[in-house]
Every structure is written in structure tokens, then in C-alpha cells.
Amino acid sequence: KILIIGAGGQIGSELTYKLRAIHGDENVIASDLNYNNVGLVNSGTFEIIDAMDYASIKICCEKHNVDTIYLMAAILSATGEKYPMKAWDLNMQSLFHVLNLAKAKAIKKVFWPSSIAVFGPTTPREDTPQHTVMEPTTVYGITKQVGERWCQYYHEKYNVDVRSIRYPGIISWKTLPGGGTTDYAVEIYHEALKAKKYDCFLSENTALPMMYMDDAIDATVSLMSTKEENVQIRSSYNLSGISFTPKQIAESIKKQIPEFEISYTPDFRQQIADSWPSSIDDTEARAQWNWKHQYNLDGITKDMLKNLSK
Ligand code: VAH
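All of the points below concern the structure found in this document. (Residues numbered from 1 in each chain as written. Predicted model: local features only at pLDDT ≥ 70, side-chain atom pairs only at ≥ 80, totals over all residues. Heavy atoms only, no water.)

Re the sheet that holds strand β13 (residues 242-244)
And step 1. Spatial strand order, β9-β11-β13: 3 strands in an open sheet with mixed pairing. A strand with exactly one partner marks an edge of an open sheet, and here the two such strands are β9 (169-171) and β13. Recorded for the sheet is a direction-independent mean angle of 45° between the axes of neighbouring strands.
And step 2. Here β9 pairs with strand β11 (residues 208-212) via 3 bridges, running parallel. Paired with I171 across the two strands is Y212, which belongs to β11.
And step 3. Where helix α8 (residues 213-224) meets the sheet, its contacts fall on β9 and β11, and the angle it forms with β11 comes to roughly 80°. (Pairing = 2+ DSSP bridges. Helix = DSSP H or I, 4+ residues; strand = E, 2+ residues; numbered from the N terminus. Axes fitted to C-alpha atoms, helices over the stretch in contact; angles between N-to-C directions. Contact = heavy atoms within 4.5 Å.)

Structure (C-alpha cells):
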């Protein structure tokens, strides 16, 4: 059976729905710190797990005969800058707990999300390659870089089958994101419908790699179902859909809501965004497990506004 730790989060919740649709509700256990996502609690087994507590994870795996864990609990880039030690503790302890369960053969397979936040200001910004200079300047980015090193180490030393994707910014409507720098690209749609205007916390020409949630979930399912010998990258795969600036997403929204107005008041998150690439080269992911994104910016805008207007 599958266990999702951090199922209440932006990606975790949609992974839970998707995996339940594929494997059956009874085969996917959702878990988080509290019962905040009622939709998940009503559609299958939901356990309270603190991702920093090894015993609660181990007990849950034994109770439900879990053999695969998706570790989706983390503190993201913006919140991580406010609480550096909390971000380090949660992001690293949770990873060690899951890797050590796999090392002890208590589970067979692990998915752990990395991020384009592993890259820093000295990384080539355009079409950032899979293997390159990585000097992240956020706590979150540091945890993702170190986490990737540990994933590769546990694979090479203990043959742990851990797989990972460097997610770009992810846009979705089902569950709000929490504490990310790319959250502007979700907030803007809510504000466009509610107030027909949005004051963006990044400057108008800040290009960032982005992806629609449906593409991110499909990529995750595809990587986890790829034959083990075809997964040649054991740090984390570059993955990219599209790249756009706040100005471009505003233009896309104006095609649907002509009176929409955007203004710009950059805050501390501008420095975080400026340290990240503006586009990603995901040749390896496309070659090794035929990854291909489906959604372009106008497709995302249409789907977001349609679903948020319901
Ligand atoms: C964040 N949404 O903003 C996350 C993600 C690439 C961005 O890691 O921190």
C-alpha cells in the first residue's frame, strides 16, 4: 500500500486523489499533522503523522502494510527564510526517517520532491542543465540540495529505490499553496476573479519555471512507475513545463478578463526568485521516461478560471 506524508499540502492532496483513482481508495493512506483537508479524510484512510516522528511513520507502515511512501511534507522557500532551523529540522529529519525505513527494508520505494530552488545565483539561468553549479541561497534550497545528495547516497550505498523530481513552481486550484515564492501564480487567479486586480509581490519581468499541477502529478506517477533500471538520475530530475513572468500571466488573464489590472510591489521574495533559474533543461527526464508537459500558459489560465469560478 501507499502512504502519503503531508497529504494536506498543495501537491500531496492532488497526489492522494490521483493515486487513489489509480490504485483504489483503500490502497492509499493519506496522512498529515491534522484533519484539515476534509476531502481526503472522507475518501479513504487518513492517519495523523508528524513527519519528524520516526515512530509514528513506522507504526503507520506496519499497521497498513505500506511499501511505498511519498514524502510531501516540507517548509517551502518563503516560510523557510522566516524559520530557518524549523525548515532544516522538518525537511531533513523527515527525509532521513523515510530513507532509513527503506534502508531497513521496511518499505520498498520512496518519492521525495526536490525543487528548482536547489539552484542559486551562480547557476546558468537559461535552460539550466541537469548537472551544473548549485549554490542555493535559501534554507529551503539548501535542504533540497543536501536532500538530493542523501537520496543518491542511500541509493548507491544501500540500494534504496528513492526517486525525485525538481519541481518548478506549480499552479493548481484544488488546494492553496503554503509559503512558496511561486505562490503569486496561484493567488493571481483567485484575485482576478474576486477583485479583478492583483498586487504582485514579484516584479513584472521575473521569469520563473512553472508547471500545471496535472502535468506535475502525471510526471510523478510516470517516474514512480518507470522500470527501476531506467531511473538513471538518483539525485533528482530536472523537470520543466513552461516559463513566464508576472506580466505574461497577467496578459493571459486579460484575454479572459479584459478589465483585470496588475500592479507590482516586490517584497523579500523577489531576492529568492532572482536567485532561481528562468528556464530548465529537462532532456534527461524526457529521454529516460518520456516526460512531456501538456499545459501551456493560456491552457492553465482557462482551466484555473473555469474551476475557480464554479
Ligand atoms: C516555493 N513552490 O516557491 C515552491 C517551489 C520552485 C518553487 O519550490 O518555494
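Here the narrative resumes, following the displayed structure.
A closer look at the sheet that holds strand β6 (residues 114-115)
And step 1. The parallel open sheet is built from 3 strands, whose spatial order is β6-β8-β12. Looking at strand neighbours, the two that pair on one side only are β6 and β12 (237-238), the edges of this open sheet.
And step 2. Set on the sheet, α8 makes contact with β8 (165-167) and β12; between it and β8 the angle comes to about 175°.

Thoughts on the site of the ligand
And step 1. As a structural note, the neighbourhood of the ligand is formed by L76, S77, S115, I116, Y140, Y167, P168, G169, G180, T181, T182 and W276.
And step 2. Measuring from an oxygen atom of the ligand, one finds a side-chain N or O atom of S77 at 2.6 Å.
And step 3. Taking S115, its side chain carries an N or O atom lying 2.8 Å from an oxygen atom of the ligand.
And step 4. Counted by class, the shell around the ligand contains 6 nonpolar, 6 polar and no charged residues. (Near = heavy atom within 4 Å. Polar contact = N/O pair within 3.5 Å; in protein donor to acceptor, adjacent residues only side chain to side chain. Nonpolar A, V, L, I, M, F, W, Y, C, P; charged D, E, K, R; others polar.)

What to know about a nonpolar patch on the surface
And step 1. Residues M85, W88 and I142 make up a contiguous nonpolar surface patch of roughly 290 Å² in combined accessible area.
And step 2. Turning to its location among the elements, I142 is positioned in helix α6 (residues 139-158).
And step 3. Its relative accessible area of 36% is what places I142 among the partly exposed residues. (Patch = residues over 30% accessible without salt bridge, like charges linked within 9 Å, V, L, I, M, F, W, Y side chains within 5 Å. Areas by Shrake-Rupley, 256 points an atom, 1.4 Å probe, with all protein chains shown as cover. Salt bridge = Lys/Arg side-chain N within 4 Å of Asp/Glu carboxyl O. Buried < 20%, exposed > 50% of the residue type's maximum accessible area, 1.4 Å probe, protein only.)

Thoughts on the pattern of salt bridges
And step 1. Summed over all chains, the structure comprises 13 salt bridges.
And step 2. Two residues, E47 and K63, come together in a salt bridge whose shortest N-O distance is 2.8 Å. Here K63 lies in helix α3 (residues 54-64) and E47 lies in strand β3 (residues 46-48), a separation of 16 residues in the sequence.
And step 3. With relative accessibility at 15%, the residue E47 sits in the buried group.
And step 4. Judged by relative accessible area, K63 falls into the exposed class, the value being 58%.
And step 5. Here R269 and D267 are joined by a salt bridge, their closest N and O atoms 2.6 Å apart.
And step 6. Since its relative accessible area comes to 17%, R269 is described here as buried.
And step 7. Through salt bridges that share partners, D161, R163 and R234 make up one connected network.

Distances and angles like these do not, on their own, reveal function.
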